[in-house]
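Topology and contacts: notes
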Amino acid sequence: MANILEVKNLRKNYGNFEAVKGIDFEIGQNEIFALIGPNGAGKSTTLKMIGTILQPTGGEIYIDGVSVIKNPDEARKKISYLPEEVGAYKNLTGRGYLKLMAGLYTDNKKLQIEFVERAIEICNLKKRIDDKLGAYSKGMVRKVMLARALMSEPKLAILDEATSGLDVINAIEIRNIIIDYAKRGTTVLVSSHNMLEIEYLSNKIGIIDQGKIVENGTVGELKSKYKANNLEEVFLKIKIK
Ligand SMILES: Nc1ncnc2c1ncn2[C@@H]1O[C@H](COP(=O)(O)OP(=O)(O)OP(=O)(O)O)[C@@H](O)[C@H]1O
Ligand SMILES: [Mg+2]
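Along each chain, numbering runs from 1 in the same order as the chain's sequence is written. Ligands are numbered from 1 and chains lettered from A, in the order in which they are written. pLDDT decides what is reported in this predicted model: residues at 70 or higher carry local features, side-chain atom pairs at 80 or more are listed and counted, and totals for whole chains, interfaces and linings draw on all residues regardless.

Looking up the protein in an unreviewed UniProt entry gives the name Putative ABC transporter ATP-binding protein YbhF, with the organism given as candidate division WS2 bacterium ADurb.Bin280.

Right under this line is the structure:
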């Protein structure tokens, strides 16, 4: 099967500091791939480059065969990107924000309505959807942002810390929504520093540490290779090695 994402020798320097040091990975259709690693490992930097927000220092990124470096406008049509932190828009209601975003995706009014309806269903905020974003809790804002990222059913959803700030029940709900979207055709790249949570969401992972992918494979493969009970143990064993 063709890969939806191919990352080759990707690098990013901030001044003299090498944040991402030549990483390679690929994601097939309908897969949920998790880039996991500790704080400062280079996850957000990598996702921003794939999301066309940040210019790589070197390497290549292909989304559904389109080069992000050579053809970012074309690549952008195939993706949605959920940043780790989302600010602004505090004066818009949840519904108002989703309508605004749907209008940025497409000029087709019918499609805009479809997107907004889908997003409202995803975030499931009931009547609070008509309250201002500024009056939402962190988790509620996160759900609206995730709904925005999924409403267009993109080829590739890039979700930086998809469930950060969510309580257990909401995190499970969001994980199930992501799994459902992956089954329906969206390929997902998610980042997390919560290694335990990722076991429930994705089966294929890349462990990133200090700008390098130190291991990748399925959760099962890595657990058996390192004789570990969970991914946290895998990571600790890699560090000790
Ligand atoms: N704009 C920037 N300028 C300089 N250094 C940066 C910048 N953004 C990130 N870095 C550095 O690059 C490294 C990787 O940061 P990044 O945000 O990609 O990590 P992360 O894996 O997403 O971490 P976290 O789990 O805390 O979100 C860190 O050392 C960070 O300080
Ligand atoms: Mg980050």
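Read on, since the account is not over.
Some remarks on the overall build of the protein
What counts here: Numbering of helices and strands runs from the N terminus; a helix is a DSSP stretch of H or I covering at least four residues, while a strand is a stretch of E covering at least two. Radius of gyration means the value over C-alpha atoms here, while the globule rule gives 2.2 Å times the residue count to the 0.38 power. Each residue is classified by how many other C-beta atoms fall within 10 Å of its C-beta atom, where C-beta atoms are placed from the backbone; a count of 20 or more means buried, 12 or fewer means exposed, and values in between mean partly exposed. What counts as a contact is two residues whose backbone-derived C-beta atoms lie within 7 Å of each other.
The number of helices and strands found in the protein is 9 helices and 10 strands. Taken against the 2.2 N^0.38 rule, which gives 18 Å for 241 residues, the C-alpha radius of gyration of the protein at 18 Å falls within 12% of a compact globule. The principal-axis extent of the C-alpha atoms belonging to the protein is close to 55 × 40 × 40 Å. Here the protein, with 241 residues, has 39% of them falling under the buried criterion. Looking at the protein alone, contacts between residues at least 24 apart form 67% of all its contacts between residues at least 6 apart.

Here's the deal with the sheet that holds strand β10 (residues 212-218)
As a reminder of what qualifies: When DSSP finds two or more bridges between two strands, those strands count as paired. The convention used is that axes are lines fitted to C-alpha atoms, helices contributing only their stretch in contact, and that angles between N-to-C directions extend from 0 to 180 degrees.
With respect to topology, 6 strands assemble into an open sheet ordered β6-β7-β8-β3-β9-β10, the strand pairing being mixed. Edge strands, defined here as strands with exactly one partner in the open sheet, are β6 (79-82) and β10. Between one strand and the next, the sheet's axes are offset by a mean angle of 15 degrees, whatever the strand orientation. The sheet contact formed by strand β3 (residues 32-36) and strand β8 (residues 187-192) spans 5 bridges and is parallel. From the neighbouring strand, Ile32 faces β8, where its bridge partner is Val188.

Description of the site of ligand 1
We apply this condition: Residues are classed as near a molecule or strand if the C-beta position derived from their backbone is within 6 Å of it.
Looking at ligand 1, there are 13 residues lining it, with Tyr14, Asn39, Lys43, Ser44 and Thr45 nearest. Looking at the shell around ligand 1, the elements that each hand over two or more residues are β2 (17-28) and α1 (43-50). Broken down by element, the residue count for the shell around ligand 1 peaks at 3 residues, all from α1.

Some points on the pairing of strand β9 (residues 204-209)
Residues in a regular strand project their side chains so that they alternate between the two faces of the sheet. Bridging between β3 and β9 involves 4 bridges; their strand directions are parallel. Following the sheet pairing, Ile36 is matched in β9 by Ile207. With 6 bridges joining them, β9 and β10 adopt antiparallel strand pairing. Note that in β10 the partner of Ile208 across the bridge is Ile213. Between β9 and β10, which follow one another and run antiparallel, lie 2 residues, and Gln210 among them has a positive phi close to 45 degrees.

Structural notes on the sheet that holds strand β4 (residues 58-63)
Sheet strands pair via backbone hydrogen bonds, and the direction of the pair is either parallel or antiparallel. The 4 strands are arranged β2-β1-β4-β5 in an open sheet whose pairing can be described as antiparallel. Edge positions in the sheet fall to β2 and β5 (66-67), since each has one partner strand and no second.

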